[in-house]
Amino acid sequence: MTNSSTSNSAIDSQAQPLVRATCHKARMSKDARFDGQFFTAVITTGIFCRPICPAKPPNEENVRYLKTAVEALEQGFAPCKRCFPELAPEQRLQNHQHSLFEALANAQGQIQLAAAHHNLSERQYRRQFISAFGVSPNQYWQKHRVLTALKLLRSSNLSITQICYISGFHSVRRFNEVIKQTYHQPPKQLKINQTPALNTIAIELSYRPPFDWPLMLSFFKLRALPSVEQITEQYYARVFDLNEARGWFKVSQIVGQDKLLLEISADQQTLLKPLTVPDIIRRVRVMFDLDADMRHIHSTLGQTPLLAKVIKQVPGLRLPGSWDIFEFSVRAILGQQVSVNAATTLAERIAQRYGQTAPENPFGLTHLFPTISELLINAKLTEVQEPSEEKEPLAVKEPSAQKQSSVLKQPSSVKSVSSTDKSYSVVDFSNIGLTQTRVTTLQTWCRFYQDNQQLLSQTTPLSELNEKLSALKGIGPWTINYIAMRGLSYPDAFPSADLGVIKALTIKGKKPTNKAILSQAQAWQPWRAYATLYLWQSL
C-alpha cells in the first residue's frame, strides 16, 4: 500500500528472506519475538524446532533454516516433541498467498474448484501456487491438514474424532495413519488434554510478545454492543452465527504464557464441518492481531520521537480488528461525525431492531448483529434519493472518544452513484436517531455491499478498495481507511484526515495540513495503521 497502491502483502514476514546470522542469534538467545518467524531443521536428527526450543541448540553446521512448518514437513523433518512447532504463532500470509490458499481451503483441497474460483485453469493455478508457496497445492494442503490436526491435538480439548473431521480428513483410519507416519506416534499418545469436550471447545492461541491484553480489552469495551458482546477486564465474549453454527465464544488470557484461550460453544454437528472451527480461529487471530511481529513494527515507527515515546509506554499495543466486515462497515459509517459512544448506541439499536435472537449463552447477550441478507429481508421497495448536501456539525468529542475521531467532509468532486431514477428495496433505519443523510448513506452501502461482497476481503488492494468505495455518495476517505484499518486489518491503512491524528501532530497550536501529514507518514510505511493507534494513544 505504498503511496496507497501497494497491497498489505508487502510487509509480511514471509516476503522477507531469512538471514542465517539473524536466525542463529535468535535461536541461541531463544528470543520469543522470533517464534514462528522461522524454524530450525536439524539434519543429524531429522527433526525441526522453534527458535525457543528448550533443548540444547545443535551446532550451526547441522541446521537448516526454513520459513514454514509446511516446508519442514515437506522436506521430511518431524516436529520436535519438546517445543511443538505446530503451536508456534502463525505468520501473516502475503496478499496473493491468502487468496490462493483461501480458495484451496474452501474447495477442501480440490484444485479444480480452487482454480475455478480464480477463473484459472488447473495448470495456471498450480503454477501460481508453487510460485507463492514453493510447493504444489496438493502438497501444501496435505501438510496443512496435518499441522492443523497436530495443533488441535496439542492445544484443545477436542476428541480425536472431532479433530479428524475439523482438520479436513474424511476417515478416522486415514487420519490415524497420517499422524502416526508424521509423528511416529498415534494421535491418542499425542493428545495432551484427555478430557473430552462436552458443551465447550477450548483452544489455545499463541502469539509473539509483547501483547497488552488489558489495553486491547479496554479498546473493545469502549465500543461494545451490550446485546451482542460482553467485555470485562478479563475476557471478550460474543454470540455468532457462522457457517450454520450458532453459539458463543469467549477469549481470555492464559496467565504466565504467551497464549490466549479461545472457548467455543455451539452445536457439535455444525462445528465438525471442516471450515467452521478453523474459520473461527482465523477470525479471532485477526481480531486480536495475534500474528503481528511487533519487532519489525517498532523498528520502523520508533524512528519518530513522538511514536517512540508511546511505544516505550505501551509496547504491546496491537491493531484491534473485527469479527465481521459487514458489521464493522456499518459501525464505521455510523461513526462518521459523531462520538464513539453515539455510534455505539446507534449500532446497538440496529442490532436490537433487525438482529435475530441470540443463541443461549451465559453472558446475557440477546441479539446477533444482522447480516446483509437479514437487513434486506426487512427492506421495502421505495424510490431512493441521493444524499443531500446537508452539512452535519462535528460532534463535541467526549474524553473517552478522543481516540476515534470524526471524518472530514468528502470533496464535492468525488463521483457519486446516482439512484434518483430507480427504485430499490431499502432498509428503513428510521426512528433510531439517524439524520436522513446518514440513513441514505447506509441504504446505499447495503445495496453496494450486497453486490460487491468479494471486494470487502483481505485480498483486495487498498487502491482498488479506495477507487470503488470513494464513488459512493456519503463514503469519504476517513471511512474507507477506517474500514480498511480495522475492518480488514490492513496494516498500512491511514485515516490522515482523522481529528485525533491531526490533534496528535499539532505543534504549538499549529495544525498540519493533510499534505504535510501524508508526507510525514511516508516514514511509517508499511505500518501506518499502527502509527495511527500510537498517535491516538498519545492524546
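As the structure is a computational prediction, the values presented were derived from the model and not from experiment.

Definitions and cut-offs
Residues numbered from 1 in each chain as written. Predicted model: local features only at pLDDT ≥ 70, side-chain atom pairs only at ≥ 80, totals over all residues. Heavy atoms only, no water. Helix = DSSP H or I, 4+ residues; strand = E, 2+ residues; numbered from the N terminus. Expected span 1.5 Å × (residues − 1). Buried < 20%, exposed > 50% of the residue type's maximum accessible area, 1.4 Å probe, protein only. Contact = heavy atoms within 4.5 Å. Polar contact = N/O pair within 3.5 Å; in protein donor to acceptor, adjacent residues only side chain to side chain. Pairing = 2+ DSSP bridges. Axes fitted to C-alpha atoms, helices over the stretch in contact; angles between N-to-C directions. Core = buried A, V, L, I, M, F, W, Y, C linked by side-chain atoms within 4.5 Å. Salt bridge = Lys/Arg side-chain N within 4 Å of Asp/Glu carboxyl O. Phe/Tyr/Trp six-rings, centres within 6.5 Å; stacked < 30°, edge-to-face > 60°. Lys NZ or Arg CZ within 6 Å of the ring centre and 35° of its normal.

K.L.:
A description of helix α16 (residues 340–354) should follow, citing residues and the corresponding values.
P.N.:
With 15 residues, α16 should reach 21 Å at 1.5 Å per residue; the first-to-last C-alpha distance of 21 Å fits that figure. All of the buried residues in α16 are Val340, Ala343, Thr344, Leu346, Ala347, Glu348, Ile350, Ala351 and Tyr354. In this fold, the buried residues of α16 make contact with α10 (213–222), α15 (325–334), α17 (372–377) and α18 (436–451).

K.L.:
Describe the side chain of serine 156, listing the residues and the values that go with them.
P.N.:
Mapped onto the fold, serine 156 is located in the loop between α6 (137–155) and α7 (160–166). Of note is the side chain of serine 156, whose polar atom sits 2.6 Å from the backbone oxygen of leucine 152. Within the local environment of serine 156, its side chain forms a polar contact with the backbone nitrogen of leucine 158, the two atoms lying 3.3 Å apart.

K.L.:
Explain helix α8 (residues 172–183) residue by residue, including any values.
P.N.:
Counted at 1.5 Å a residue, the expected span for α8 with its twelve residues is 16 Å, and the 16 Å between its end C-alpha atoms agrees. Along its buried surface, α8 packs onto α2 (69–74), β4 (78–79), α6, α7 and α9 (187–190). Where α8 starts, the residue carrying a side-chain oxygen 3.3 Å from the main-chain nitrogen of arginine 173 turns out to be serine 171. Phi turns positive one or two residues past the end of α8, at histidine 184, with a value near 60°.

K.L.:
For the sheet that holds β4, give the residues involved together with the corresponding values.
P.N.:
Overall, mixed pairing links the four strands, which are arranged β3-β1-β2-β4 in an open sheet. Each end of this open sheet is capped by a strand with a single partner; those strands are β3 (63–66) and β4. The sheet contacts of helix α1 (residues 20–29) involve β1 (39–42) and β3, and relative to β3 the element is tilted by about 105°.

K.L.:
Requested: an account of the nonpolar core, with residues and values cited.
P.N.:
Grouped together as the largest cluster of nonpolar side chains are 74 residues, with contacts concentrated most on Phe240, Phe249, Leu262, Ile264, Ile280, Val284 and Phe288. By residue number, the principal contributor to this core is α6, which donates eight residues. The residues contacting leucine 262, other than those within four sequence positions of it, are Ile201, Ala202, Ile203, Leu205, Phe249, Lys250, Val251, Ile280, Ile281 and Val284.

K.L.:
Tell me what's going on with the pattern of salt bridges, and back it up with residues and numbers.
P.N.:
Evaluated as defined, the whole model comprises 20 salt bridges. Across the pair glutamate 74 and lysine 143 runs a salt bridge, and its minimum N-O distance is 3.4 Å. Residue glutamate 74 is found in helix α2, and its partner lysine 143 is found in helix α6; the two are separated by 69 residues along the sequence. Given the relative accessible area of 28%, glutamate 74 is considered partly exposed. The partner of arginine 295 in a salt bridge is aspartate 293, with the nearest N and O atoms 2.9 Å apart. Relative accessible area serves as the criterion here: at 21%, arginine 295 is assigned to the partly exposed category. A relative accessible area of 8% places aspartate 293 in the buried class. Through salt bridges with shared partners, one network takes in Glu229, Arg238, Glu327 and Arg331.

K.L.:
Please set out the packing of aromatic side chains residue by residue, giving values where relevant.
P.N.:
Within the structure shown, the criterion is met by 30 aromatic pairs. Both rings, one in tyrosine 125 and one in phenylalanine 129, keep their centres 5.9 Å apart while their planes meet at 45°; by these two values the pair is tilted. Of this pair, tyrosine 125 and phenylalanine 129 are both found in helix α5 (residues 122–133), four residues apart, which corresponds to roughly one turn of the helix. Comparing tyrosine 125 with phenylalanine 129 shows no difference in burial state: the two are buried. Residues phenylalanine 129 and phenylalanine 133 carry aromatic rings whose centres are separated by 4.5 Å and whose planes lie at 25° to one another, so their mutual orientation is stacked. Taken together, the residues span about one helical turn, with phenylalanine 129 and phenylalanine 133 both in helix α5 at a distance of four residues. Feature note: the residues Tyr207, Phe211, Trp213, Phe219, Phe220, Tyr236, Phe240, Phe249, Phe288 and Trp323 constitute an aromatic cluster, connected by ring pairs. Positioned above the aromatic ring of phenylalanine 169 is the side chain of arginine 145, whose terminal nitrogen or guanidinium carbon lies 4.1 Å from the ring centre. The cationic tip of arginine 223 hangs over the ring face of phenylalanine 219; the distance from NZ or CZ to the ring centre is 3.7 Å.

So yeah, pure geometry; function would need other evidence.
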